[in-house]
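One-letter residues, chain by chain:
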Amino acid sequence: MCSISPFPVSDSLVMAEPRSLISASIPQTPPGIIMPPADGSGTGVMMDPIEYTLRKRLPRKLPKRRNDVYVNMKTDFRAQLARCQKLLEGGGHGEIRVHGLGLAINRAINIALQLQASSQGALQLEANTSTVELLDDMEPEDPDEAGEPMARSRNNSAIHIKVFYPDSQ
């Protein structure tokens, strides 16, 4: 029985070599990370990522007001949406502020849009974006052998959405 392939088969197929002799002879070193020390002296230190544990600190929050809602990815979407609706309708607030950081930006936008859609367009939205500096601690696995703890700074995106009734501005 002969099967017909939809792709033409050629006798002149050439397979590429996985590595050339030049690249195979160069030793591959595992990547290290150059980290500034926690005291901020400015001299970089070569750090092996295997010897350190990354501990992410909680972000610094804006001042917590009664009408602020900080959206995260751990809490159920419907619960966060219900909390926002409760603040707008029964909380006596003419506006709320929905804050999202990093991965929660998309969820914060969805909550604001759901609130606007459920109000039949009575609510308006104002969105501001920002960059938040986050600090991570690099703790040595074995305090006897490894160096001192270090801090690493990184940036993350954030969104702040004001959800309000236009007459209460």
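Structure's up top.
Just so it is clear, the model here is predicted, and its values are computed rather than measured.

Basis of the calculations
Residues numbered from 1 in each chain as written. Predicted model: local features only at pLDDT ≥ 70, side-chain atom pairs only at ≥ 80, totals over all residues. Heavy atoms only, no water. Helix = DSSP H or I, 4+ residues; strand = E, 2+ residues; numbered from the N terminus. Buried < 20%, exposed > 50% of the residue type's maximum accessible area, 1.4 Å probe, protein only. Contact = heavy atoms within 4.5 Å. Areas by Shrake-Rupley, 256 points an atom, 1.4 Å probe, with all protein chains shown as cover. Pairing = 2+ DSSP bridges. Right-handed = clockwise from strand over helix to strand, strands pointing away. Salt bridge = Lys/Arg side-chain N within 4 Å of Asp/Glu carboxyl O. Core = buried A, V, L, I, M, F, W, Y, C linked by side-chain atoms within 4.5 Å. Polar contact = N/O pair within 3.5 Å; in protein donor to acceptor, adjacent residues only side chain to side chain.

(A) Inspection of the overall build of the chain at higher detail. Along its length, the chain carries three helices and seven strands. Counting from the amino terminus, the chain carries its helices and strands in the arrangement α-β-β-β-β-α-β-α-β-β. Across the 169 residues of the chain, 24% fall into the buried class. The long-range share in the chain, meaning contacts at least 24 apart out of those at least 6 apart in sequence, stands at 70%. For the chain, the accessible area works out to roughly 12,600 Å², and carbon and sulfur atoms hold 55% of it.

(B) Summary view of the pairing of strand β5 (residues 95-101). Of all seven residues making up β5, five are buried, and the element is well covered by its neighbours. Sheet topology note: the strand β4 (residues 68-71)/β5 ladder contains four bridges and is parallel. By the bridge assignment for β5, Tyr70 is matched with His99. For the handedness criterion, the β-α-β arrangement of β4, helix α2 (residues 77-89) and β5 is classed as right-handed.

(C) Inspection of the pattern of salt bridges at higher detail. Within the structure shown, the criterion is met by six salt bridges. As a salt-bridge pair, Glu95 and Lys162 come within 3.7 Å of each other at their nearest N and O atoms. Of this pair, Glu95 sits in strand β5 while Lys162 sits in strand β7 (residues 150-164); the two residues are 67 residues apart in sequence, bridging distant segments of the chain. No difference in accessibility class separates Glu95 from Lys162, as the two residues are buried. Salt-bridge contacts for Arg154 lead to Asp136; the nearest nitrogen and oxygen are separated by 2.7 Å. With Arg154 in strand β7 and Asp136 in strand β6 (residues 124-140), this pair connects stretches of sequence that are 18 residues apart. Ionic contacts of the salt-bridge type, sharing partners, join the residues Glu95, Arg97 and Lys162 into one network.

(D) Local environment of the nonpolar core. Membership of the largest hydrophobic core comes to 18 residues, with the highest contact counts inside it found for Val71, Cys84, Ile96, Val98, Leu115, Ile161 and Val163. Contributing elements (two or more residues each) for this core: β4, α2, β5, α3 (105-118) and β7. It is α3 that contributes the most residues to this core, five residues altogether.

(E) Seen up close, the environment of Asn72. Its location among the elements puts Asn72 in the loop between β4 and α2. Asn72 has contacts with Gln80, Ala104 and Arg107, leaving out every residue within four places of it along the chain. Here Lys74 takes part through its backbone nitrogen, which lies 3.1 Å from a polar atom of the side chain of Asn72.

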